[in-house]
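# Remarks on the overall topology
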Amino acid sequence: MTRRDHPRSTYRLQIREAFDLDAAAAVVPYLRDLGADWVYLSPVLEAEPGSDHGYDVVDHSRVDPARGGAAGLDALSTAAHDADLGVLVDIVPNHVGVATPKASVWWWDVLTHGRESRWAEAFDVDWAAGGGKLLLPVLGEPAAADGTIEGLEVVGDELHYYENVYPIAPGTAAEGDDAAAVHARQSYELVHWKRADTDLNYRRFFAVNTLAGIRVEIPRVFDESHVEIGRWFREGLVDGLRVDHPDGLADPGGYLDRLAELTGGAHVLVEKILEGDERLAEDWATDGTTGYDALADLDRVFVDPSGAEALGALDSRLRDGEGPDDWHEMILGTKRGIADGILGSEIRRLARLLSDDGRADDRADDALAELAAAFPVYRSYLPQGAEHLDEAAEVATAHRPDLAATIAEVVAVLHDAEHPAAVRFQQTSGMVMAKGVEDTAFYRYSRLATLTEVGADPAEFSLTPAEFHDRQQLRLAERPFGMTTLSTHDTKRSADVRARVSVLAEVPEEWAATLERLRSLAPVGDGPFENILWQTVVGAWPASRERLHDYAEKASREASSSTTWTDRTPEAEAFEERMHAAVDAAFDDDQVRHEVERIVDVLRPAGWSNSLGVALLQLTGPGSPDVYQGGELWDFSLVDPDNRREVDFEARRRLLADVVAGTVPPVDETGAAKLLVTHRALTLRRDRPELFTRYAPLPVLGERRDHVVAADRGGALVVATRLPVSLEQAGGWDDTVVLTRGGAWVDVLTGRRHEGGHVRLAELLETYPVALLVPADSQV
């Protein structure tokens with residue numbers, strides 16, 4: 001057995017009823033042939049009935065029968081280990097699914113028995129704020145003054161509100177009681193859905209009422225929620241874990257220590273988004289993040305800095321003075337909107353924790369919302385990160401000098417790591433960041449859609465090769481086993497969509513003219529959103545009508561600038577009608593379709609070049625690269641659920657067989673060239689790890705040196721073209737050369753041999769815009 005403690009690469013599979021663990025086991029031979037080192041699974045514990053993602057666990061004690069059950073996991077594990085692949089599994093310690101209360105084992109017990117439930121302490125409930133009840137914001141209309149709720153009825157030992165089912169506690173219902181009377185005696189109260197914003201009294205995952213937070217900092221809760229996970233390691237079924245949303249936990253570091261004890265120090269990754277130069281806590285028992293920080297760097301080295309001014313000016317013109325175009329000013333506003341809106345109940349709970357009498361104070365509420373909006377990173381881990389709280393206080397005070405004294409008082413308490421308000425604020429600031437930035441501002445900031453991706457800072461437009469090399473060297477030094485990624489189940493646009501959209505930075509004037517014509521032909525009435533929408537359309541084209549309609553609806557409602565998910569005003573309805581008409585026009589209107597297809601023809605070849613470049617740099621770069629399911633071919637997926645579509649593995653097997661047989665495919669619509677790059681890079685990395693032990697930039701000489709990223713990984717040399725449009729306009733590579741150590745080299749992508757220490761890029765990159773070289777005397 002030669003399985004590694006740390007993966008040299010992973011391949012992510014989305015496990016669901018339609019593609020269960022047995023189906024995953026069947027693709028293991030393909031993954032082995034592709035070159036993957038470990039198979040990486042989405043959550044597999046029992047989830048909400050019909051869940052397509054698995055992040056809504058309802059029973060921690062078993063593998064989801066709908067996903068293949070324990071037998072399916074055993075089959076997958078056996079297949080993987082027999083093929084010398086490790087197994088990495090995604091787990092969800094922060095919350096459980098409660099959309100179907102009867103299916104959620106712990107939640108049903110709490111609803112039945114209230115504070116007397118053995119699981120009451122597992123949930124983060126402020127019982128006092130609910131008058132001793134757990135408030136459930138599910139009613140379409142408020143209850144009547146006498147407590148009557150339309151649609152509520154007693155059915156046996158349950159309360160039914162239309163299709164929703166809730167328990168009746170023993171001894172609380174007598175024959176002849178009406179539903180309102182029975183409801184009044186329960187430990188929960190069904191309330192109007194809008195009260196979630198102000199009165200909700202249990203912690204959630206972000207603003208999702210159907211995902212209730214649990215308290216894994218309590219030893220018994222940790223033990224019970226990890227009983228099945230522990231079995232996986234005791235029985236050797238699983239080799240590593242990916243931890244979802246550790247920032248929601250009261251004590252992420254302590255949790256990771258417990259997890260290390262449970263797993264025997266197994267490979268563990270955390271889904272942690274780092275902002276700017278923020279570093280992962282050194283004392284955490286983890287091998288690194290899930291790679292969003294790497295994604296941002298990889299994208300930006302392929303973005304032309306010369307396009308920043310023109311695209312920024314376009315974004316400003318489209319706003320026409322309505323709303324800020326400065327990124328940091330924008331997110332201060334969107335985060336404050338979230339703190340006042342859908343997360344208002346979380347802010348009010350913090351205010352109650354600060355008060356002596358347990359009541360929320362309006363000024364404390366205001367100060368807390370301002371601090372959450374100004375917080376520069378997702379959260380602190382006191383005493384680590386206290387400087388971020390001070391920075392937030394400075395920004396908040398400058399923005400609201402009228403609150404200066406209150407902000408100072410609040411901050412003094414929030415610096416006390418033991419104070420309940422400080423613990424809670426750290427759990428809350430990340431919610432505000434995620435909803436205010438990822439799920440709002442990312443859909444409003446239109447300068448370049450590549451920039452608005454999970455884990456990225458849109459204020460940073462591009463990276464030079466030198467800046468990129470510096471970050472790669474830092475990644476190798478700090479977290480050599482951390483994951484790197486390009487596409488995930490959470491990305492707003494897949495890597496290939498972003499790679500094509502990045503080309504707009506090379507043709508900003510042409511894009512501005514194209515957008516103007518599209519807006520004239522199919523007006524929507526929201527300039528920045530139209531820019532985002534049309535960038536996404538051309539980035540994903542050709543795409544089905546249904547997919548683009550779904551994207552447009554989700555993106556516009558998340559932006560909350562012209563329409564929202566909840567407030568269905570006549571103006572919002574009219575906007576959405578125009579928006580959907582614009583999407584239809586891309587298919588039905590000859591002029592609109594011509595504009596879309598014309599600009600796609602401009603972008604497509606350069607987009608392919610960028611896609612191959614970013615893929616090769618990720619697959620060979622520092623860290624452990626992950627390939628998201630299907631991403632070894634062109635993948636033009638959009639935001640979820642689009643990025644969880646079924647993958648045609650049979651087609652990939654056939655193409656891979658040709659590649660393994662020695663076919664050198666062209667760069668075309670099939671994506672076989674990307675499959676070649678993925679296969680050769682993964683296989684080389686898995687089978688020849690000694691070629692990937694360091695990272696050093698390779699010198700490049702010549703007029704076109706800024707058009708290449710080249711690095712020595714310790715024996716394997718990696719070369720990728722950047723800014724291909726302006727390279728072609730300049731007449732190609734001319735006499736530009738990359739300097740090597742001398743001797744003879746073989747490009748494993750083409751099989752061509754290159755001699756000497758000065759390799760001409762015109763020859764090296766004649767077939768593909770990328771190259772992966774190994775010493776000619778090396779056994780590959």
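Everything discussed here concerns the structure shown above.
To keep things clear, this report deals only with the structure shown in the data block. (Residues numbered from 1 in each chain as written. Predicted model: local features only at pLDDT ≥ 70, side-chain atom pairs only at ≥ 80, totals over all residues. Heavy atoms only, no water.)

This next bit is on the packing of aromatic side chains. Pairs of aromatic rings are described using the distance from one ring centre to the other and the angle between the two planes. According to the stated counting rule, one finds 17 aromatic pairs in the structure shown. Here Phe529 and Phe575 contribute two aromatic rings whose centre-to-centre distance is 6.0 Å and whose plane-to-plane angle is 65°, an arrangement assigned as edge-to-face. Taken together, the residues Phe529 in helix H19 (residues 527-540) and Phe575 in helix H21 (residues 570-588) connect sequence positions 46 residues apart. By relative accessible area, which is 2% here, Phe575 ends up buried. Grouping aromatic residues by their ring pairs yields a cluster made of Tyr11, Phe19, Tyr30 and Phe649. The side chain of Arg12 reaches across the aromatic face of Tyr40, ending 4.7 Å from its centre. It is Arg220 that lies over the ring of Trp119; its NZ or CZ is 4.7 Å from the centre. (Phe/Tyr/Trp six-rings, centres within 6.5 Å; stacked < 30°, edge-to-face > 60°. Helix = DSSP H or I, 4+ residues; strand = E, 2+ residues; numbered from the N terminus. Buried < 20%, exposed > 50% of the residue type's maximum accessible area, 1.4 Å probe, protein only. Lys NZ or Arg CZ within 6 Å of the ring centre and 35° of its normal.)

A word on the sheet that holds strand S27 (residues 770-775). Overall, antiparallel pairing links the six strands, which are arranged S19-S21-S22-S27-S24-S25 in an open sheet. One side of each edge strand has no neighbouring strand; the edge strands of this open sheet are strand S19 (696-697) and strand S25 (753-755). As judged from the four bridges shared by strand S22 (residues 717-721) and S27, these two strands associate in the antiparallel manner. Bridge assignment links Val719 to a residue of S27, and that residue is Ala771. Most of the contacts of helix H22 (residues 590-620) go to S22, to which it runs at about 155°, and overall it touches strand S21 (708-712), S22 and S27. (Pairing = 2+ DSSP bridges. Contact = heavy atoms within 4.5 Å. Axes fitted to C-alpha atoms, helices over the stretch in contact; angles between N-to-C directions.)

This part covers the sheet that holds strand S13 (residues 208-213). Judged by pairing direction, the sheet is antiparallel, and its three strands sit side by side in the order S6-S13-S12 without closing on themselves. With partners counted over all chains shown, the strands left at the sheet margins are strand S6 (95-97) and strand S12 (204-205), one partner each. In this structure, S6 lies alongside S13, joined through three bridges in antiparallel fashion. Note that in S13 the partner of Val96 across the bridge is Ala212.

On to the pairing of S21, then. Judged by how many residues are buried, S21 sits mostly within the fold: five of five residues are covered. Every second residue of S21 is oriented toward a common face, with Val708, Ala710 and Asp712 on one face and Val709 and Ala711 on the other, all of them buried. Bridge count between S19 and S21: two bridges; the pairing is antiparallel. Among the inter-strand pairings, Ala696 is bridged to a residue of S21, identified as Asp712. The sheet contact formed by S21 and S22 spans five bridges and is antiparallel. Of the residues in S22, the one forming a bridge with Asp712 is Leu717.

This structure, assessed with the given rule, holds 67 salt bridges. One salt bridge connects Asp90 with Arg242, and the closest N-O pair in it is separated by 3.1 Å. Highlighted residues: Asp90 in strand S5 (residues 86-91) and Arg242 in strand S14 (residues 240-243), separated in sequence by 152 residues. The structure contains a network of salt bridges with shared partners spanning Arg336, Asp340, Asp366, Glu370, Arg400 and Asp402. (Salt bridge = Lys/Arg side-chain N within 4 Å of Asp/Glu carboxyl O.)

Here we take up the packing of helix H9 (residues 308-319) against helix H18 (residues 508-521). Orientation of H9 relative to H18, taken along the N-to-C sense of each, is 25°, at an axis distance of 9 Å. One way to sum up the angle between H9 and H18 is to call them roughly parallel. Here H9 runs over H18; the crossing is right-handed. Side by side, H9 and H18 meet where Ala310, Leu311, Leu314, Arg317 and Leu318 of the first sit next to Pro508, Glu509, Trp511, Ala512, Leu515 and Arg519 of the second. (Parallel < 35°, antiparallel > 145°, perpendicular 65-115°, else oblique. Left-handed = near helix turned anticlockwise from the far one by under 90°.)

A few words on the pairing of strand S18 (residues 624-628). Within S18, five of the five residues are buried, which leaves it mostly tucked inside the rest of the structure. Here S18 shows no split at all, with Ser624, Asp626 and Tyr628 on one side and Pro625 and Val627 on the other all buried. Sheet topology note: the strand S1 (residues 10-13)/S18 ladder contains three bridges and is parallel. Among the inter-strand pairings, Thr10 is bridged to a residue of S18, identified as Asp626. Note: strand S17 (residues 483-484) against S18, two bridges, orientation parallel.

A few words now on the side chain of Glu228. Mapped onto the elements, Glu228 comes out in helix H6 (residues 227-234). A polar atom in the side chain of Glu228 sits 3.0 Å from the side chain of Trp232. If near-sequence neighbours (up to four positions away) are discounted, Glu228 is found in contact with Leu45, His60, Ser61, Arg62 and Val63. (Polar contact = N/O pair within 3.5 Å; in protein donor to acceptor, adjacent residues only side chain to side chain.)

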